[in-house]
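In case you want the letters, here they are:
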Amino acid sequence: MKTVAAAPHRTLVRTLLTTGLITSLALMTGCTKSEDDSGNDKSASQQKDSGQVVASPSGGSGPTCTIGTYGGRKRDLKSATVGFSQSEKEANPFRIAETESIRAEARKRGVKLLTANAQSQFSKQISDVQDLIAKGADLLVIAPLNSDGWEPVLRTAAARHIPIVTIDRKINAAPCKDYVSFIGSDFVEQGKRAADRMIAATGGKGEIAILLGAAGNNVTTERTKGFEDRLKEKAPGLKIVFRQTGDFAREKGQSVTENLIQSKPGIKGVYAENDEMGLGAVNALKGAGKKPGDVKIVTIDGTRNAVQGIVDGWIDGVIESNPRFGPLAFQTLDTFTQGQAVSQDIVIQDSSYTTDNAKSDLGKAF
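Summary of the structure given here.

Calculation criteria
Residues numbered from 1 in each chain as written. Predicted model: local features only at pLDDT ≥ 70, side-chain atom pairs only at ≥ 80, totals over all residues. Heavy atoms only, no water. Buried < 20%, exposed > 50% of the residue type's maximum accessible area, 1.4 Å probe, protein only. Helix = DSSP H or I, 4+ residues; strand = E, 2+ residues; numbered from the N terminus. Pairing = 2+ DSSP bridges. Phe/Tyr/Trp six-rings, centres within 6.5 Å; stacked < 30°, edge-to-face > 60°. Axes fitted to C-alpha atoms, helices over the stretch in contact; angles between N-to-C directions. Contact = heavy atoms within 4.5 Å. Core = buried A, V, L, I, M, F, W, Y, C linked by side-chain atoms within 4.5 Å. Salt bridge = Lys/Arg side-chain N within 4 Å of Asp/Glu carboxyl O. Arc of directions from axis to C-beta. Parallel < 35°, antiparallel > 145°, perpendicular 65-115°, else oblique. Left-handed = near helix turned anticlockwise from the far one by under 90°.

### A word on the pairing of strand S6 (residues 181-184)
Item 1. Residues Ser-181 and Ile-183 line one face of S6 and the alternating positions Phe-182 and Gly-184 line the opposite face, and both faces are buried.
Item 2. Where strand S5 (residues 164-167) lies against S6, three bridges are found, and the strand directions are parallel. Counted as the bridge partner of Val-165 is Ser-181 from S6.
Item 3. Where S6 meets strand S13 (residues 345-347), three bridges bridge the pair, whose relative direction is parallel.

Structure, rendered in structure tokens:
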């Protein structure tokens, strides 16, 4: 995935917006539990309040994919059935927003949508996708739980020439052969931006901890790499003395931080690789009698609760990871099935929240 600086990327996106190459895509959040396209819409004003902007497929760069290379045939997206596989329980605000974004765009376009939720079980996700194919899915959008182990699905999809777009996490397979495109954030860049925020919050010195995301996917690996590389480059005085997985879960983040406080009472900062773990860390600090600001916390996602945590003084910065993939995923499938080229890697724009903008931008959080 191409790594780009945050500020130039935002400038580029705004420029492209004026030429029509990107779309400002503001979508509602909600919870989905059925396997068909049903649910309640939010109001148009609530959608606009999200303030999310993502780059369009035509705004990407690098290798592209076409039907001629991938295999398959041109078709009208409106006549197709799209299958969406969600990886995790929709208790996490990121997953709630992601699923509702997919469903909202299907409704908007009048496309038949089949959905399934793996409930954080990888074996179930594999069987879920096989079932979506059996039920007649012509196209697939997959939010992978793990990056490895997708061979059974890829074989089945290839045999039927079913285009696959993966969102928010990559699978370890060949783009434009096993799948069409990956749509997601630049996770290495997210880690670097989180490190910059931690350096600013701590003054660049002291002992800090990392609450790692779930093992087995590229998000954890790349967010860790970006953070550690940036510290080596800019703040060798910040020492990482504790690393432990919190599995992207609030409860696990809390329990891990409770152990951290006991083993490293002088800890100065905590980098949580998603908001839920960061909020768990806040709970642990409160339980230990700490005050806001005693331990600097930087997280990634952009949930409303985490941004509120900045307003309340418990969190020092949140790097956004935009979960509203629906418009971009369907736009990519539409472009591809019309026979046009799409980028194999489509990087979305992410903003950030600090003490300067958290209160004013709280309505943009999900």
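Moving on, there is more to tell.
### What about the packing of aromatic side chains?
For any pair of aromatic rings, the description consists of the separation of the ring centres together with the inter-plane angle of the planes.
Item 1. All chains considered together, the criterion is met by five aromatic pairs.
Item 2. On the numbers, 6.1 Å between centres and 75 degrees between planes, the contact of Phe-94 with Phe-366 is edge-to-face. Residue Phe-94 is located in helix H4 (residues 93-109), and its partner Phe-366 is located in the segment after strand S14 (352-353); the two are separated by 272 residues in the primary sequence.
Item 3. Residue classification places Phe-94 among the buried residues on the basis of a relative accessible area of 7%.
Item 4. Take Phe-366: its relative accessible area is 9%, and that puts it in the buried class.
Item 5. Ring centres of Phe-182 and Phe-187 lie 6.4 Å apart, and the angle between their planes is 50 degrees; this geometry places the pair in the tilted category.
Item 6. A relative accessible area of 2% means that Phe-187 is categorised as buried.

### Here we look at the sheet that holds S13
Item 1. Taking strand neighbours across the sheet as the criterion, the six strands line up as S3-S2-S4-S5-S6-S13 in an open arrangement whose pairing is parallel. Edge strands, defined here as strands with exactly one partner in the open sheet, are strand S3 (112-117) and S13. Strand-to-strand twist in this sheet, taken as the mean axis angle between neighbours without regard to direction, amounts to 20 degrees.
Item 2. Of the strands in this sheet, strand S2 (81-86), S3, strand S4 (139-142) and S5 touch H4, which is tilted by about 175 degrees from S2.

### Some remarks on the nonpolar core
Item 1. Core analysis: the biggest nonpolar cluster contains 58 residues, and Leu-140, Trp-150, Ile-164 and Ile-315 have the highest contact counts within it.
Item 2. Here this core gets six residues from one element, more than from any other, and that element is helix H10 (residues 275-287).
Item 3. One finds Ala-97, Val-141, Phe-325 and Leu-328 within the second-largest nonpolar core, a separate group that totals 24 residues.

### Side note on the sheet that holds strand S8 (residues 238-245)
Item 1. In space, the six strands of this open sheet follow the order S8-S7-S9-S10-S11-S14, with mixed pairing throughout. The open sheet has two edge strands with one neighbour each: S8 and S14.
Item 2. Two strands pair when backbone bridges link them, and strand S7 (residues 206-212) and strand S9 (residues 269-272) are joined in this way by four bridges, in the parallel orientation. Within the sheet, the bridge partner assigned to Ala-209 lies in S9 and is Val-270.

### Details of the pattern of salt bridges
Item 1. Counting across every chain of the model gives 21 salt bridges.
Item 2. In this structure, Arg-75 and Asp-138 form a salt bridge, with 3.7 Å as the shortest nitrogen-oxygen distance. Separated by 63 residues along the polypeptide, Arg-75 in the loop between helix H3 (67-70) and S2 and Asp-138 in the loop between helix H5 (122-134) and S4 bring together distant segments of the chain.
Item 3. Take Asp-138: its relative accessible area is 25%, and that puts it in the partly exposed class.
Item 4. In this structure, Glu-276 and Arg-250 form a salt bridge, with 3.1 Å as the shortest nitrogen-oxygen distance. One end of the pair, Glu-276, is in helix H10; the other, Arg-250, is in helix H9 (residues 250-263), and 26 residues separate them in sequence.
Item 5. We classify Glu-276 as buried; its relative accessible area is 9%.
Item 6. Three or more residues joined by partner-sharing salt bridges are found here, namely Glu-88, Arg-95, Glu-98, Asp-168 and Arg-169.

### Description of the environment of Leu-285
Item 1. Here Leu-285 shows up in helix H10.
Item 2. Remark: the alpha-carbon pair of Leu-285 and Gln-254, spanning 31 residues in sequence, is separated by 8.6 Å.
Item 3. Beyond its immediate stretch of four places on either side in the chain, Leu-285 contacts Ile-261, Lys-290, Val-295, Ile-297 and Trp-314.

### Topic: helix H11 (residues 304-311)
Item 1. Buried within H11 we find Ala-306, Val-307, Gly-309 and Ile-310. Projected onto a plane normal to the axis of H11, the buried residues spread over an arc of 145 degrees and lie on a single side.
Item 2. On its buried face, H11 sits against H10, strand S10 (296-301), strand S11 (317-320) and S14.

### Concerning the packing of H5 against helix H6 (residues 151-159)
Item 1. In contact at an axis separation of 9 Å, H5 and H6 are set at 15 degrees when each is read in the N-to-C sense. With respect to H6, the element H5 is oriented roughly parallel. Of the two possible hands of crossing, H5 and H6 adopt the one that is left-handed. Counting all contacts with H5, which are made through Ile-126, Val-129, Gln-130 and Ile-133, the residues of H6 involved are Pro-152, Val-153, Thr-156 and Ala-157.

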